[in-house]
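# Geometric and topological summary
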Amino acid sequence: MQWLDILGLVATVFTTGAYVPQAYKIIQTKSTRSLSTPTYTMIVIGSALWLLYAYDRRDYPVMLANGVTGLLSLVILIMKLSAKEEAVTES
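First things first, this report covers the structure right here in the doc. In this text, all values refer to a predicted model and were calculated from it rather than measured experimentally.

### Overview of the packing of helix H1 (residues 3-17) against helix H2 (residues 19-29)
- Orientation of H1 relative to H2, taken along the N-to-C sense of each, is 30°, at an axis distance of 5 Å. Of the possible angle classes, the one that applies to H1 and H2 is roughly parallel. Residues Thr 15, Thr 16 and Gly 17 of H1 form the contact with H2, whose participating residues are Tyr 19, Val 20 and Pro 21.
- Among the residues forming the contact of H1 with H2, the class breakdown is 3 nonpolar, 3 polar and no charged.

### Some words on the packing of helix H3 (residues 37-57) against helix H4 (residues 60-82)
- The N-to-C vectors of H3 and H4 enclose an angle of 155°; their axes lie 8 Å apart at closest approach. Classified by the angle between their axes, H3 and H4 sit roughly antiparallel to one another. Here the hand of the crossing between H3 and H4 comes out left-handed. Taken together, the residues of H4 that come into contact with H3 (itself represented by Thr 37, Tyr 40, Thr 41, Ile 43, Val 44, Ser 47, Trp 50, Leu 51, Ala 54 and Tyr 55) are Val 62, Met 63, Asn 66, Gly 67, Thr 69, Gly 70, Ser 73, Leu 74, Ile 76, Leu 77, Lys 80 and Leu 81.
- The residue makeup of the contact of H3 with H4, split by class, is 13 nonpolar, 8 polar and 1 charged.

### Some points on the nonpolar core
- Judged by nonpolar contacts, Ala 23, Ile 26, Leu 35, Tyr 40, Ile 43, Val 44, Leu 72, Ile 76, Leu 77 and Met 79 together constitute the single largest core of 10 residues.
- Every element with two or more residues in this core is listed here: H2, H3 and H4.
- Take this core: its biggest share by element is 4 residues, from H4.
- When sequence neighbours within four positions are dropped, the list of residues in contact with Ala 23 reads Leu 72 and Ile 76.

Cut-offs used in this document
- Residues numbered from 1 in each chain as written.
- Predicted model: local features only at pLDDT ≥ 70, side-chain atom pairs only at ≥ 80, totals over all residues.
- Heavy atoms only, no water.
- Axes fitted to C-alpha atoms, helices over the stretch in contact; angles between N-to-C directions.
- Helix = DSSP H or I, 4+ residues; strand = E, 2+ residues; numbered from the N terminus.
- Parallel < 35°, antiparallel > 145°, perpendicular 65-115°, else oblique.
- Contact = heavy atoms within 4.5 Å.
- Nonpolar A, V, L, I, M, F, W, Y, C, P; charged D, E, K, R; others polar.
- Left-handed = near helix turned anticlockwise from the far one by under 90°.
- Core = buried A, V, L, I, M, F, W, Y, C linked by side-chain atoms within 4.5 Å.
- Buried < 20%, exposed > 50% of the residue type's maximum accessible area, 1.4 Å probe, protein only.

Now the structure itself:
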């Protein structure tokens with residue numbers, strides 16, 4: 001394994017790992033109220049496109065990062081879209 005591959009894998013751990021606490025919190029609390037639907041939609045689409053790009057180039061660190069990021073973001077997006085949270089109203 002070349003040093004750039006190792007660098008890519010380390011970057012993958014940090015960037016993809018950043019989604020794990022958010023996904024865990026959402027799964028535990030079932031609360032997606034403060035999340036932006038357009039943001040997570042764009043992350044899912046972007047990750048899918050990066051995954052296709054990386055697959056074509058056989059760039060495994062990028063495939064891994066975007067595959068996991070896309071999956072975690074998709075779980076969050078599905079929970080956001082299916083949430084039945086009460087609207088917050090101010091009195």
